[in-house]
2 protein chains.
Amino acid sequence: MLTDAKEMAPYLSDWRGRYHGAACAVVRPGTTQEVAAVVRLCAAAGVPMVPQGGNTGLCGGATPDGGGRAVVLSLGRLDRVRAVDADNNTIMIEAGCTLAGLQQAAIAADRFFPLSLASEGSCTVGGNLSTNAGGVQVLRYGNMRELTLGLEAVLPDGRIWNGLRGLRKDNTGYDLKQLFIGAEGTLGFITAAVLKLFPAIRQRATAWVAVPDPGAAVRLLGMMRAVCSDRVTAFELIGGTALGLVLQHIPGARPPLQAGGEWSVLVELSDSACNAELDTELERALTLASEQGLVGDAVVAGNLAQAEALWALRENISEAQRIEGISIKHDIAIPVSRIPAFLERARAALQHAWPDVRIVAFGHIGDGNLHYNLSKPAAADNRKFISRTPEVNRIVHDLVAGFDGSISAEHGLGQLKRDELLRYKSVVEMDMMRAVKQALDPHGLMNPGKVLAPVRPESRGDAET
Amino acid sequence: MLTDAKEMAPYLSDWRGRYHGAACAVVRPGTTQEVAAVVRLCAAAGVPMVPQGGNTGLCGGATPDGGGRAVVLSLGRLDRVRAVDADNNTIMIEAGCTLAGLQQAAIAADRFFPLSLASEGSCTVGGNLSTNAGGVQVLRYGNMRELTLGLEAVLPDGRIWNGLRGLRKDNTGYDLKQLFIGAEGTLGFITAAVLKLFPAIRQRATAWVAVPDPGAAVRLLGMMRAVCSDRVTAFELIGGTALGLVLQHIPGARPPLQAGGEWSVLVELSDSACNAELDTELERALTLASEQGLVGDAVVAGNLAQAEALWALRENISEAQRIEGISIKHDIAIPVSRIPAFLERARAALQHAWPDVRIVAFGHIGDGNLHYNLSKPAAADNRKFISRTPEVNRIVHDLVAGFDGSISAEHGLGQLKRDELLRYKSVVEMDMMRAVKQALDPHGLMNPGKVLAPVRPESRGDAET
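Rules behind the numbers
- Residues numbered from 1 in each chain as written.
- Chains lettered and ligands numbered in written order.
- Predicted model: local features only at pLDDT ≥ 70, side-chain atom pairs only at ≥ 80, totals over all residues.
- Heavy atoms only, no water.
- Phe/Tyr/Trp six-rings, centres within 6.5 Å; stacked < 30°, edge-to-face > 60°.
- Helix = DSSP H or I, 4+ residues; strand = E, 2+ residues; numbered from the N terminus.
- Disulfide = S-S within 2.5 Å.
- Buried < 20%, exposed > 50% of the residue type's maximum accessible area, 1.4 Å probe, protein only.
- Pairing = 2+ DSSP bridges.
- Axes fitted to C-alpha atoms, helices over the stretch in contact; angles between N-to-C directions.
- Contact = heavy atoms within 4.5 Å.
- Parallel < 35°, antiparallel > 145°, perpendicular 65-115°, else oblique.
- Left-handed = near helix turned anticlockwise from the far one by under 90°.
- Nonpolar A, V, L, I, M, F, W, Y, C, P; charged D, E, K, R; others polar.
- Core = buried A, V, L, I, M, F, W, Y, C linked by side-chain atoms within 4.5 Å.
- Buried area = accessible area lost by both parts, 1.4 Å probe.
- Salt bridge = Lys/Arg side-chain N within 4 Å of Asp/Glu carboxyl O.
- Polar contact = N/O pair within 3.5 Å; in protein donor to acceptor, adjacent residues only side chain to side chain.
- Least-squares fit on C-alpha atoms with pLDDT ≥ 70 in both.
- pLDDT = per-residue confidence, 0-100.
- UniProt positions renumbered as here; feature names shortened; annotations may be inferred.

1. What to know about the packing of aromatic side chains
Residue and element names in this part refer to chain A.
- Enumeration according to the criterion identifies 12 aromatic pairs over all chains in this entry.
- Centroid distance Phe112 to Tyr141: 5.6 Å. Interplanar angle 65°. Geometry classified as edge-to-face. Taken together, the residues Phe112 in strand β6 (residues 111-112) and Tyr141 in helix α5 (residues 138-141) connect sequence positions 29 residues apart.
- Feature note: the residues Phe112, Tyr141 and Phe198 constitute an aromatic cluster, connected by ring pairs.

Here is the structure:
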């Protein structure tokens, strides 16, 4: 248990420095039983609790409020791999393991765990579960939710729920694990999980492809999935401005194509079979696509180093943006079929309001998930532009809603988007969410103020008497 | 609305004739708004409501109790395909569509909907969702839950929740659709859904394979998944007794192999690519498996008719059992790795209690799901044996629980397994289930007595005043 202000400090701000909170203590339990004991004590005393994994979240979901009454439960010491069952293709692992540690444990069993994120060296399994993390391979393997078979969680009253089942089929009542996945710790704290493993990947093929426009990218995706089936494991759209920033700011970055254009796609095939001829398959598919006018220039990586160089162009977009300066970011999802129209409409609306707006659009178009980031070219103008974030959000998010999309595809709500949500969710849906919260956490002590506004202080007072 | 006893009769018994109930009326709404209007009226009058789709369930989940106060809502008239979005690989469809109708709508859009069940000509999408249906392709595509992106449901107070999103990534709060999937209509009535589609399947390869024992089948599964990846779409284990009954009772059924043994596997590869050489791939994988001692004799279907004949051996097991006579059936799941030990232990325990017990074991071993059915050879003995079902269930289900398995893999609970569940679920888990039920359906009017025991009559009285 930490109570010293200096020792607690790293746990009280998010890593981007956007949120700063206060706590009466930071506790670091090492077992599920210790988590349960802390929760029982806090529940009895009416003390709010904030769970924290790697503290890499983007929405302030793991940062306490400024009141100073909360206890932060840092779960990093719950980091055991409890069991690997290779024949069942499952791993039982504790919430505090890093995602990279989980990936390594799978590799050690000659298996593959597909979730992969920029923060995988620090982010933890509990955070991945609590935010239903996504990443670049959702197209093929699904989100963290689809990768989960069983959970163990500590409930708001301090009881432990053991739902650590490793079954593909189980229809014995309500699927309670779904309540905790993506709930950002507001209904209970996940302490361990049983996750799916997959056969080890033996071969990959990677290509950078110029496409005439986003519509061609969507048609290329459909064609690739038909021709290459589930071997299509990543399909990323990259706008010209995004690529330009990488080439400008990242040392060693080189243009992937002689004749690139405004839009590119990074596509990857993978297979667990050693004898798959994925390079040939990818070249054949791209030739076919080229004949249909879906593809301009294209390059298939000839070796691992070339593949990594292509991926680095994609993965360094965020870093290049950071070097370029602050921007207004959106993590949105749209039905795949409607992305081209959304991009066109959003560009028109933003350019109408700010003629020199700069749009950095890229993302997991295979899942309909775009990172849609905005700034202005000149530093001074940009600072003024940033101050108008609410206006920009209104244009982008209203359009997203009009296209039946989501204002948070893979980052969750936390504190950042909690109130923005009220504009887009129906009264019926908010009522259902509140009913679930009230049923499982009636005193509102579990990560209060995240996802949903805090319950009335009166009702929290019950637990304090 | 039907109130005539003769007209209502088909809606008041399940198709196996195990459950018989009573109702004050059967209503057949044709739109979501009509469902909502009926629910509002029933809620106001405190009348219990029982939803029904194709009435093909195996656990009595769609049959009202004998009280006669209930209204049955038969949703078969909600049968429109609202939209197909081929580029987004989604279909928006109403709850009363048959599964076969859904599969056909996918084919018409040059897409594939993978869920496939024996009752697909009659069972409906709403029932598939409410029981989280499984079938033979879960190994590759998941259960109905994994195939669902969005839902529309009528809540217990008659309000309509529109959650018809067609997004692969959406993390804006609790994933409320998960509450309704697999809840057997106890939390609200599903009226429509957005479901995933997949590229049309262009090629299949099918083989019947003799394996030395279930352990070899599990190792063969692991090897096939590594070598053939997701092209493995079905992997069924068939015991010798099951095959024997098919050969005995089904006209035209022929032994698939010259030298079969006690255990067989039916394996299918499929791919959306036209030029996949799946027969060659399957033969190569089986040769490799044979070198490792995992496979005895094997036959790869040379054409569609041969493939269909092999599948008919598998699909006619239930019919052959029906002809042979009544048996005690179990729909169970076990971690794949533990199936061989379970089969051994269960056989020993049952033979100890009944030396001449006959075990018909088969099922989706790729998902850990076994249909484990028991009878005795002589008709008179068997009738006596059936009367001891509770004793038999105790042996089988206690063993399943000991192997961390499930007593209902894909058929749900309904009335049949509701009370059996109490023996195997923890108090914590039952409390959570009841809390969810109480939060969403406080008056207990939605399909009462299914999944959970009915709430106290007192609390139901509230709505009647």
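2. Remarks on the state of the cysteines
Residues and elements named next belong to chain A.
- Under the defined criterion, the tally for this structure stands at zero disulfides over all chains.
- Cys42 supplies the cysteine sulfur nearest to Cys24, a cysteine that is in no disulfide, at a spacing of 7.1 Å.
- Under the relative-accessibility criterion, Cys24 is labelled partly exposed at 39%.

3. Details of the sheet that holds strand β3 (residues 71-74) of chain B
All names here are of chain B.
- Across the sheet, three strands lie side by side as β1-β3-β2; this open sheet has parallel pairing. Edge positions in the open sheet fall to β1 (25-27) and β2 (49-52), since each of these has one partner strand only. Here the average twist between neighbouring strands, direction ignored, is 25°.
- Pairing analysis gives three bridges linking β1 to β3, with the strands arranged parallel. Counterpart to Val26 in the pairing with β3 is Val72.
- Running at roughly 170° to β3, helix α2 (residues 32-45) makes contact with β1, β2 and β3 of the sheet.

4. Some details on the packing of helix α12 (residues 339-353) of chain A against helix α14 (residues 389-402) of chain A
Residue and element names in this part refer to chain A.
- Taken N-terminus to C-terminus, the directions of α12 and α14 make an angle of 155°; their axes are 10 Å apart at the nearest point. When the interaxial angle is binned, α12 and α14 end up roughly antiparallel. In this structure, the crossing between α12 and α14 has a hand that is right-handed. Together, Phe342, Arg345, Ala346, Ala349, Leu350 and Ala353 of α12 and Val392, Ile395, Val396, Leu399 and Val400 of α14 make up the contact between the two elements.
- Residue composition of the contact of α12 with α14, by class: 10 nonpolar, no polar and one charged.

5. Quick notes on the sheet that holds strand β5 (residues 90-94) of chain B
Residues and elements named next belong to chain B.
- Sheet architecture is open: five strands sit in the order β4-β5-β9-β7-β8, paired in antiparallel fashion. One side of each edge strand has no neighbouring strand; the edge strands of this open sheet are β4 (81-85) and β8 (160-163). Averaged over all adjacent pairs, the angle separating strand axes in this sheet is 10°, with direction ignored.
- When strand β7 (residues 148-154) meets β8, the two strands line up antiparallel, connected through four bridges. Bridge pairing in β8 links Leu151 to Gly163.

6. Description of the nonpolar core
- Counting 86 residues, the largest nonpolar core has Phe113, Phe180 and Leu195 of chain A together with Phe113, Phe180 and Leu195 of chain B as the members making the most contacts within it.
- Excluding residues within four positions of it along the chain, Phe180 of chain B makes contact with Met432 of chain A together with Leu129, Ser130, Leu151, Ala153, Leu155, Trp161, Leu187, Gly188 and Ile190 of chain B.

7. What to know about the interface of chain A and chain B
- On the side of chain B, 83 residues touch chain A, which itself brings 83 residues to the contact.
- Both faces combined, the contact of chain A with chain B buries some 6700 Å², and carbon together with sulfur accounts for 53% of it.
- Looking at the side of chain A facing chain B, the largest losses of area belong to Lys169, Asn171 and Tyr174 of chain A, adding up to 15% of the total buried there.
- Inspection of the chain A/chain B interface yields 14 salt bridges.
- With a closest N to O distance of 3.1 Å, Arg231 of chain B and Asp271 of chain A form a salt bridge.
- Put simply, chain A and chain B have 45 residue pairs in polar contact (both at pLDDT 80 or more) between them.
- Of all the elements in the fold, those that place two or more residues in the side of chain A that touches chain B are α5, β8 (160-163), α6 (177-180), β10 (198-199), α7 (214-228) and α16 (427-440) of chain A.
- It is α16 of chain A that provides the largest number of residues to the side of chain A that touches chain B, a total of 11 residues.
- Here the side of chain A that touches chain B is built from residues that sort into 35 nonpolar, 26 polar and 22 charged.

8. Focus on the relation of the copies chain A and chain B
- Superposition of chain A onto chain B requires a rotation of 180° combined with a translation of 0.0 Å along the rotation axis, giving an RMSD of 0.0 Å. In short, the pair behaves as if placed about a two-fold rotation axis. Closest to the rotation axis within chain A is the C-alpha of Ala439 of chain A, separated from it by 2.9 Å.
- Here 100% of the interface residues in chain A have copies in chain B that are interface residues too; the copies meet face to matching face.

9. Brief notes about the confidence of the model for chain A
All names here are of chain A.
- Chain-level statistics for chain A give a pLDDT mean of 94 and a share of 98% at 70 or above.
- In this model residues 457-465 is a low-confidence stretch, pLDDT under 50, and it forms 18 contacts with partners more than four residues away in sequence or in other chains.
- ipTM for the predicted complex: 0.95, alongside a pTM of 0.96.

10. Describing the pattern of salt bridges
- Using the criterion set out here, one finds 58 salt bridges over all chains in the structure.
- Linking Glu344 of chain A and Arg347 of chain A is a salt bridge whose minimum nitrogen-to-oxygen distance equals 2.6 Å. Residue Glu344 of chain A and its partner Arg347 of chain A are located together in helix α12, separated by three residues, close to a single helical turn.
- Owing to a relative accessible area of 31%, Arg347 of chain A belongs among the partly exposed residues under this scheme.
- The closest approach of N and O atoms between Lys169 of chain B and Glu410 of chain A, which form a salt bridge, is 2.9 Å.

11. Quick notes on the UniProt feature "domain: FAD-binding PCMH-type" (unreviewed entry) in chain A
- Listed under "domain: FAD-binding PCMH-type" (unreviewed entry) in the UniProt record, and renumbered for this structure, are residues 19-200 of chain A.
- Counting secondary structure, residues 19-200 of chain A comes out at 21% helix and 24% strand; the distance between its end C-alpha atoms is 39 Å.

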